[in-house]
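Structure assessment
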Amino acid sequence: MRIILFTGKGGVGKTTAAAGTATAAALRGQRTLVLSTDAAHSLADAFGVPVGGDPNEVDHNLFVQQVDAQRRFERSWVDIQQYLLSVLDAAGVDPITAEELTVIPGAEEVMALLELRSHAVSGEWDVIVVDCAPTAETLRLLALPEALGWYMDRVFPMERRIVKALKPILTRAAGVPMPHDSVFDAIERLHRDLEEVHEILTGKDSSVRLVLTPETVVVAEARRSLTTLSLFGYRVDGVIANRVFPEAGSDAWRRQWVAAQSEVLAEVEQSFVDLPIWRSSYRPCEPVGVEELSAFAKAAYGEDDPLASPAGEGPMTIRRTKSGATLSMALPFVAKADVDLARHGDELVVTVGSYRRLLALPAALGKQKIAGARVDDGALQVRFKSTEDSE
Ligand SMILES: Nc1ncnc2c1ncn2[C@@H]1O[C@H](COP(=O)(O)OP(=O)(O)O)[C@@H](O)[C@H]1O
Ligand SMILES: [Mg+2]
């Protein structure tokens, strides 16, 4: 099963590109689901049909769904919510509704990931296309499983023990109900589910495509996204340059736009040298409906297979060397000064700008010492040395 996510700055054509790619997949006989995790649900507009919280068949093999954070059919979430509600109730906060709890930070992202997971493991789909929210939210979404995993491994077991020990006292003193085991179980289940979705999304059949328009600020954001997505271990396998003005025609206004865009497009080519750049022209009308979307995809992908599996090894590799091992992490566009590297036990902490990844080192590396690090040709290389050699 192939999973393709689309992200980019607001308004560049993410939904159109996602819907177009899904349409192309369905035409190839693949049972396809296109799922929107963007709160500004526009898949309905792109297909020109109503789209709800359940997969809706819009064409042969083609299903469309908007993730609805208000629908909490996921068991884990219900348990956690019930606990939160009981706490709020005991604290005298009235009358808060379960609906309002879904606005707690991260809740929508969690719901979207859980929904994506359940579709991915259902075995029902050949292709899942995800129409993501604008870049920053998508990055938050994709960083979430690992961040939560860190909390779960370090803090959660301790909290669980403490709560257990203090429960009788706390319940009496504060009058606040302490979480039942079922709540902790639910959190653990949630953690497992999120870990699974992280595995699926960083696996070899998943990739992210960056959608951009030929404008300087948009391209700058796409470059930063590529860095951050690589940092978190996601594969980017292509760029869609959308709304490119066709060259034909000769009025001064158009000529100027074509010239300005071709300068930025040259920068796009230089920025994403290893990736296919699919160009899509500014069409005379909005690409709405299956037919238009299919034409959009045909024009953009040309002879390329829109479903081709991503090539290469992915953003992180570990190679054994004579004296130990080298961990290599793709970090396009960064200089050594932009990267901060720290080691905490068997964890590698990599910070690039405001993004930080806590990378659990594989057991084999956990016992080795860091012998050096450099940033070279768009990749961070960390050299590990077997401790037997140095001691
Ligand atoms: N190549 C194109 N030519 C003409 N209109 C386009 C093109 N790509 C997208 N649009 C239109 O631009 C608007 C924004 O596109 P959309 O895919 O919703 O962007 P996003 O999901 O990134 O916010 C929509 O009305 C869409 O129909
Ligand atoms: Mg959109």
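Below, the structure is looked at part by part.

Parameters and conventions
- Residues numbered from 1 in each chain as written.
- Chains lettered and ligands numbered in written order.
- Predicted model: local features only at pLDDT ≥ 70, side-chain atom pairs only at ≥ 80, totals over all residues.
- Heavy atoms only, no water.
- Pairing = 2+ DSSP bridges.
- Helix = DSSP H or I, 4+ residues; strand = E, 2+ residues; numbered from the N terminus.
- Axes fitted to C-alpha atoms, helices over the stretch in contact; angles between N-to-C directions.
- Core = buried A, V, L, I, M, F, W, Y, C linked by side-chain atoms within 4.5 Å.
- Buried < 20%, exposed > 50% of the residue type's maximum accessible area, 1.4 Å probe, protein only.
- Contact = heavy atoms within 4.5 Å.
- Expected span 1.5 Å × (residues − 1).
- Arc of directions from axis to C-beta.
- Near = heavy atom within 4 Å.
- Areas by Shrake-Rupley, 256 points an atom, 1.4 Å probe, with all protein chains shown as cover.
- Nonpolar A, V, L, I, M, F, W, Y, C, P; charged D, E, K, R; others polar.
- Salt bridge = Lys/Arg side-chain N within 4 Å of Asp/Glu carboxyl O.
- Phe/Tyr/Trp six-rings, centres within 6.5 Å; stacked < 30°, edge-to-face > 60°.
- Parallel < 35°, antiparallel > 145°, perpendicular 65-115°, else oblique.

As summarised here, the arrangement of the eight strands in space is 3-4-2-5-1-6-7-8, forming an open sheet in which the pairing is mixed. Each edge of the sheet is formed by a strand with only one pairing partner; in this case those strands are strand 3 (56-59) and strand 8 (277-281). This sheet shows a mean twist of 25 degrees between the axes of neighbouring strands, independent of strand direction.

Let's shift gears to the nonpolar core. By size, the foremost hydrophobic cluster in this structure holds 89 residues, and its most contacted members are F6, L201, L212, F272, L327 and L331. No other element matches the seven residues that helix 1 (residues 14-27) contributes to this core. Those residues in contact with F272 that lie beyond four places of it in its chain are L210, L212, A222, R223, L226, V239, I277 and F333.

So, on to helix 10 (residues 252-271). Across its 20 residues, helix 10 extends 29 Å between first and last C-alpha, which sits within 8% of the 28 Å expected from 1.5 Å per residue. Three or more residues of helix 10 are buried, namely V258, Q261, V264, L265, V268 and S271. Looking down the long axis of helix 10, one finds its buried residues gathered within 140 degrees of arc, a one-sided arrangement. Exposed side chains of helix 10 directed beyond 90 degrees from the buried face belong to Q256, E263 and Q270. Taken together, the buried residues of helix 10 touch strand 6 (206-212), helix 9 (216-231), strand 7 (236-244) and strand 8.

Taken together, 17 residues surround ligand 1, and among them K14, T15, T16, R243 and E286 come closest. Coverage of ligand 1 by the protein amounts to 82% of the 570 Å² it exposes when considered alone. Elements supplying a minimum of two residues to the shell around ligand 1: helix 1, strand 7 and strand 8. Here the shell around ligand 1 gets three residues from one element, more than from any other, and that element is helix 1. When grouped by side-chain class, the residues that make up the shell around ligand 1 number five nonpolar, seven polar and five charged.

So, about the pattern of salt bridges. Pairs can form between side chains of opposite charge once their charged atoms are near each other. Counted under the stated rule, the structure contains eleven salt bridges. The closest approach of N and O atoms between R2 and D237, which form a salt bridge, is 2.9 Å. A residue pair is termed long-range when its members are at least 10 positions apart, and R2 in strand 1 (residues 2-8) and D237 in strand 7 qualify at 235 residues. For D237, a relative accessible area of 9% gives the class buried. Where R117 meets D193, a salt bridge forms, and the shortest distance between an N and an O atom there is 3.6 Å. Of this pair, R117 sits in helix 5 (residues 107-121) while D193 sits in helix 8 (residues 181-201), and the two are 76 residues apart along the sequence. The exposure class of R117 is buried, given its relative accessible area of 17%. D193 sits in the buried class, given a relative accessible area of 12%. Through salt bridges with shared partners, one network takes in R2, R209 and D237.

Residue placement: P50 occurs in the loop between helix 2 (43-47) and strand 3. Judged by its relative accessible area of 66%, P50 is exposed.

Before going further, it helps to spend a moment on unusual backbone geometry. Even without glycine at this site, R243 takes up a positive phi of about 60 degrees. Note on placement: R243 falls in strand 7.

Looking now at the packing of aromatic side chains. On inspection of all chains with the given rule, the structure shows eight aromatic pairs. Relative to Y282, the ring of F245 lies with its centre 5.3 Å away and its plane at 25 degrees, an arrangement referred to as stacked. Here F245, found in the loop between strand 7 and helix 10, pairs with Y282, found in the loop between strand 8 and helix 11 (290-301); they are 37 residues apart in sequence, far enough to count as distant. A relative accessible area of 16% places F245 in the buried class. Residue Y282 is classed as partly exposed on the basis of its relative accessible area of 39%. With centroids separated by 6.4 Å and ring planes inclined at 70 degrees, the aromatic side chains of W253 and W257 adopt a geometry described as edge-to-face. Pair noted here: W253 and W257 are both in helix 10, with a separation of four residues, about one helical turn. W257 gets classed as partly exposed once you look at its relative accessible area, which sits at 33%. These aromatic residues form a ring-pair network of at least three members: F245, W253, W257 and Y282.

Structurally, A241 is set in strand 7. It is 6.1 Å that separates the C-alpha atoms of A241 and S280, two residues lying 39 residues apart in sequence. Not counting chain neighbours up to four residues away, the residues in contact with A241 comprise L212, L265, I277, W278, R279 and S280.

It is the contact of helix 9 with helix 10, at a shortest axis distance of 10 Å, that shows an interaxial angle of 10 degrees. By the criterion of interaxial angle, the relationship of helix 9 to helix 10 is roughly parallel. The residues of helix 10 that touch helix 9, namely those facing T216, V219 and R223, are V264, E267, V268 and S271. When the residues that make up the contact of helix 9 with helix 10 are grouped by side-chain class, the tally is three nonpolar, two polar and two charged.

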